[in-house]
Amino acid sequence: MVSPTASLLHIVYKESQIQYLLGWLQLTVSSTRSESPAAAFRYKQVIVLRSDLKMSSGKAAAQACHAAVSAAEDTRKTHPSWWRGWMREGQRKIILKVHSEEELLGIEKETRGSEIPSSLISDMGLTELPPGTVTALGAGPAPSGLVDKITGDLPLY
């Protein structure tokens, strides 16, 4: 005989599985329509890298990862529903570029003035760059429309 507590836990677990599957199904159905694939995503994260630094691909990847993790963690704490939606949708990330530190700081200032959580990354200076070099910005995850208002005109990295 199964205890009432075990039965309740089983029901809660099954309900969470069903909610996950419904979210996945909704995403799958909406992405198979005539909409663009991007329209299926309500949330996204952007990573903005400085192209003027001429970082190696490994260095750029590491800086992008620092920005992605830091910004996602900020979002998880400040906007948990955005973070959960983004996780459920597959963690969409877009990597963009700017041509200077000033341009990157301008984007960061705009994100700070909005609701979008962001994280500015400075290098430790252990390999290619001098210590304290500002390399990247992670913004979001956040609703795609909010992110696009600030970064929608930036080119892909």
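Quick caveat: nothing in here was measured; it's all calculated off a predicted structure.

> Honestly, the pairing of strand E2 (residues 93-98) in this entry has me stumped. Any pointers?
Where a strand is regular, its side chains alternate between the two sheet faces. Along E2, the buried face is formed by Ile-94, Leu-96 and Val-98; none of Lys-93, Ile-95 and Lys-97, which line the opposite face, is buried. As paired elements, strand E1 (residues 43-50) and E2 share 6 bridges and run parallel to each other. Residue pairing across strands places Arg-50 opposite Val-98, the latter belonging to E2.

> Any chance you could explain helix H3 (residues 80-89) here in plain terms?
For an α-helix the count is 3.6 residues per turn, leaving residues at separations of three or four pointing the same way. Every buried residue of H3 is accounted for by Trp-82, Gly-85, Trp-86 and Glu-89. Along the axis of H3, the buried residues cluster in a sector spanning 100 degrees; they form a single face. Just beyond H3, the residue with positive phi is Gly-90, at close to 110 degrees.

> Got a minute to help me understand the nonpolar core in this structure?
As a rule of thumb, soluble globular proteins bury nonpolar side chains together. Counting 19 residues, the largest nonpolar core has Val-46 and Val-48 as the members making the most contacts within it. Looking at this core, the elements that each hand over two or more residues are E1, H3, E2, helix H4 (101-113), strand E4 (134-143) and helix H5 (144-151). Excluding residues within four positions of it along the chain, Val-46 makes contact with Ile-94, Leu-96, Leu-137, Gly-138, Ala-139, Val-147 and Thr-151. With 10 residues, the next largest nonpolar core counts Ala-67, Ile-121, Leu-129 and Ala-136 among its residues.

> Explain H4 here, please?
Look at H4: 18 Å from first C-alpha to last across 13 residues, which is about the 18 Å you get at 1.5 Å a residue. When we look at burial in H4, the residues that qualify are Leu-104, Ile-107, Glu-108 and Thr-111. One face of H4 carries all of its buried residues, which in axial projection span an arc of 100 degrees. Residues Glu-102, Lys-109 and Gly-113 are exposed on H4 and point more than 90 degrees away from its buried face. Contacts made by the buried residues of H4 are with E1, E2, strand E3 (118-122), E4 and H5.

The rules behind the values
Residues numbered from 1 in each chain as written. Predicted model: local features only at pLDDT ≥ 70, side-chain atom pairs only at ≥ 80, totals over all residues. Heavy atoms only, no water. Buried < 20%, exposed > 50% of the residue type's maximum accessible area, 1.4 Å probe, protein only. Helix = DSSP H or I, 4+ residues; strand = E, 2+ residues; numbered from the N terminus. Pairing = 2+ DSSP bridges. Arc of directions from axis to C-beta. Core = buried A, V, L, I, M, F, W, Y, C linked by side-chain atoms within 4.5 Å. Contact = heavy atoms within 4.5 Å. Expected span 1.5 Å × (residues − 1).

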